[in-house]
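# Structural features, examined
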Amino acid sequence: MATTATITTIATGGTIMSKERHRYPQLALLRLQSWLSPAFPTGSYSYSHSLEWAVEAGHIKDRESLVDWLEADLCYGSIRNEAIFFCEAWCSARDNDYAKLLEIAELAAAFRGTSEFALESSQQASACRATLRQVWPDRLLDSLSQLLSQREVPPVLAVILGVRSAREGVPISLALPAFLQSYVANLVTAGVRLIPLGQTDGQLAIAALEEAVLTASALARNATTDDLGSAAFMVDLASMAHETQYTRLFRS
């Protein structure tokens, strides 16, 4: 059974309206929700993406500063790069461009600013890939995993989920915002535990980031690997400082 959805995207500082009608199996939406759910066993709860050090240093102390930090990373930093990698992997899988997909996977693996970001990416990606292989196997993803293993290249979560979403027939205009929303929601959850914040403040933070998620998604869809880069240097510096932080709850 298929469903038809109309996707409307609104960007900050102006309006980027794109109404698209997509037809895809309802099962694909259920699977996407499963893959992005906190219940999916990637171990995402154990990573703060440098938030832990930022909280200890006083850079993040309340809901507003948490939203500011994550919005900067989403629009100008490492999360923006993840959006581009997701989109490039999705397009390569859709077009059956295996050479381009391998190139994207290798570049994504190398595009880690710190050792903890590399660990955060590879560990979650490996866990995601293992579960997908057991529950929702896919030949293209298995072939890519085999090639990366032969080359000793660690997997990247954005690439794996981008490929699997494309293979499931989930449109990029739905899959990419959902991926980014899941990404920042997990970090907000870390912030709730670290600052600490109440559960309602956590949901308010997620709601405050919705427009930034849609904007980052729209921009990433028009970007290429030539647009990769980061202007959110404080996120990388925080990650480096977290490596030697004395008391830690999180692995990154």
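Within the protein chain one finds 12 helices and two strands. In the protein chain, the order of α-helices and β-strands from amino to carboxyl end is β-β-α-α-α-α-α-α-α-α-α-α-α-α. A compact globule built from 252 residues should have a C-alpha radius of gyration of about 18 Å, and the protein chain, at 17 Å, falls within 12% of that. Within the protein chain, the fraction of its 252 residues that count as buried is 51%. Restricting to contacts in the protein chain with at least 6 residues of sequence separation, those with at least 24 account for 78%. For the protein chain, the exposed area adds up to about 12000 Å²; of that, 53% sits on carbon and sulfur atoms.

Further remarks concern the nonpolar core. Within the largest apolar cluster, 76 residues are counted, with the highest numbers of intra-cluster contacts made by Leu51, Val159, Val163, Leu176, Phe179 and Leu180. Among the elements that line this core, the one with the most residues is helix 9 (residues 172-194), at 13 residues. The residues contacting Val163, other than those within four sequence positions of it, are Ala89, Ala93, Leu101, Leu140, Leu141 and Leu144.

This brings us to the confidence of the model for the protein chain. Looking at the protein chain, pLDDT values average 91 and 90% of them are 70 or higher. Taking the mean pLDDT of every element in the protein chain, the minimum, 44, falls on strand 1 (residues 2-7) and the maximum, 98, on helix 10 (residues 199-208). In the predicted structure, residues 1-20 sits below a pLDDT of 50 and forms 45 contacts with residues beyond four places in sequence or in another chain.

Turning next to the side chain of Ser217. With respect to the helices, strands and loops of the structure, Ser217 is situated in helix 11 (residues 210-221). There is a polar contact of 2.8 Å between the side chain of Ser217 and the backbone oxygen of Val213. The contact partners of Ser217, leaving out residues within four places of it in the chain, are Leu176, Pro177 and Leu180.

What follows is about the environment of Glu211. For Glu211, the position within the fold is in helix 11. Using a relative accessible area of 41% as the deciding quantity, one classes Glu211 as partly exposed.

For the bond running from Ile195 to Pro196, omega is -5°, close enough to zero to count as cis. Of note, Pro196 is situated in the loop between helix 9 and helix 10. The backbone of His49 sits at a positive phi, close to 55°, despite the residue not being glycine. Tracing the chain through its elements places His49 in the loop between helix 1 (26-36) and helix 2 (51-56).

Contact pair helix 1 / helix 9: the axes reach a minimum separation of 10 Å and the direction vectors enclose 25°. If you check the angle between helix 1 and helix 9, you find them roughly parallel. For the pair helix 1 and helix 9, the sense of crossing is right-handed. Between helix 1 and helix 9, the contacting residues are Leu29, Leu32 and Leu36 on the first element and Leu174, Ala175, Ala178, Phe179 and Ser182 on the second. The class makeup of the residues in the contact of helix 1 with helix 9 is seven nonpolar, one polar and no charged.

How each quantity is defined
Residues numbered from 1 in each chain as written. Predicted model: local features only at pLDDT ≥ 70, side-chain atom pairs only at ≥ 80, totals over all residues. Heavy atoms only, no water. Helix = DSSP H or I, 4+ residues; strand = E, 2+ residues; numbered from the N terminus. Rg over C-alpha atoms; globule rule 2.2 N^0.38 Å. Buried < 20%, exposed > 50% of the residue type's maximum accessible area, 1.4 Å probe, protein only. Contact = heavy atoms within 4.5 Å. Areas by Shrake-Rupley, 256 points an atom, 1.4 Å probe, with all protein chains shown as cover. Core = buried A, V, L, I, M, F, W, Y, C linked by side-chain atoms within 4.5 Å. pLDDT = per-residue confidence, 0-100. Polar contact = N/O pair within 3.5 Å; in protein donor to acceptor, adjacent residues only side chain to side chain. Axes fitted to C-alpha atoms, helices over the stretch in contact; angles between N-to-C directions. Parallel < 35°, antiparallel > 145°, perpendicular 65-115°, else oblique. Left-handed = near helix turned anticlockwise from the far one by under 90°. Nonpolar A, V, L, I, M, F, W, Y, C, P; charged D, E, K, R; others polar.

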